Amino acid sequence: MRRWLLALLLVLAGAAAADEQVPICYGYGCLVQADIRYTERQLGDVERLLSAALDAADERKLLAQAVGRLYALAGEQSDIHNDRGGNFADAGISGKMDCIDHSTSTTRLLQLLDARGYLRWHRVLGADVRYWALLFPAHYSAVIEEKMDGEAARFVVDSWFVDNGQPAVILPLADWKKGAGPDV
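Now for a description of the structure that goes with this document. (Residues numbered from 1 in each chain as written. Predicted model: local features only at pLDDT ≥ 70, side-chain atom pairs only at ≥ 80, totals over all residues. Heavy atoms only, no water.)

Attention now moves to the environment of I80. Tracing the backbone through its elements, the reader meets I80 in the loop between α3 (56-75) and α4 (99-115). Taking relative accessible area as the criterion, I80 reaches 0% and is therefore assigned buried. Considering only alpha carbons, one finds I80 and N164, 84 residues apart in sequence, at a separation of 7.0 Å. Look past the residues within four positions of I80 in its chain and what remains in contact with it is I24, Y26, Y71, A74, G75, G95, M97 and N164. (Helix = DSSP H or I, 4+ residues; strand = E, 2+ residues; numbered from the N terminus. Buried < 20%, exposed > 50% of the residue type's maximum accessible area, 1.4 Å probe, protein only. Contact = heavy atoms within 4.5 Å.)

Okay, here's the thing in structure tokens:
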């Protein structure tokens, strides 16, 4: 009985420390998905990075770096290493990503971090969109919200603006909705 219990505990401990797999979209409009495997060591590095945050603002700065790292690791396993910021610098190459690919994939990465308890000051929301000419969707992005009492501040985590592996751009949602970006 004792050996059986010990074996069960070892199996459960191994399952708790299992690698994670996340589908990452590319090809524009999530045409293609690559199942990316993140090892416990890689995720531990991200956890250590995020655990250094002293407050919500600091967590956002570190989260931008963490998302960039996760995309760089995904690029080692897929064609997204070719992705360049925006939609024009990588036209016609395998691995290109539009804002739908980025908003979907970044939301999945943020959900992974949240599920593992790595986000202390933020929760993950669904992707949001800003419109062009009031009618047409122009750009999508992942969104996080500060964990706080009262009206919580919301921010986009937008990896579309940058080349693969670079820190994501994090901006207040209201500013982003008005067209803000890293070069705007």
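Turning to the nonpolar core, a few remarks are in order. Ranked by internal contacts, the top residues of the largest apolar core, which has 33 residues, are I24, Y38, L50, L63, L110 and L113. Listing elements by their share of this core, those giving two or more residues are β1 (20-26), β2 (32-38), α2 (40-51), α3, α4, β4 (136-146) and β5 (154-158). Counting residues per element, this core draws most heavily on α3, which supplies eight residues. Counting 11 residues, the second largest nonpolar core, distinct from the first, contains V143, W160, L171 and W176. (Core = buried A, V, L, I, M, F, W, Y, C linked by side-chain atoms within 4.5 Å.)

What follows covers the state of the cysteines. Following the criterion strictly, the structure yields one disulfide and no others. Sulfur-sulfur distance for the disulfide between C25 and C30 comes to 2.0 Å. Note on the C25 and C30 pair: the S-S dihedral is about 85°, so by sign convention the disulfide is right-handed. (Disulfide = S-S within 2.5 Å.)

Below, the discussion takes up α3. With 20 residues, α3 extends 28 Å from end C-alpha to end C-alpha; this agrees with the ideal 28 Å at 1.5 Å per step. Among the 20 residues of α3, 14 are classified as buried, and the element is accordingly described as predominantly covered. A side-chain oxygen of the first residue of α3 lies 3.3 Å from the backbone nitrogen of A57; this N-cap is D55. (Expected span 1.5 Å × (residues − 1). Polar contact = N/O pair within 3.5 Å; in protein donor to acceptor, adjacent residues only side chain to side chain.)

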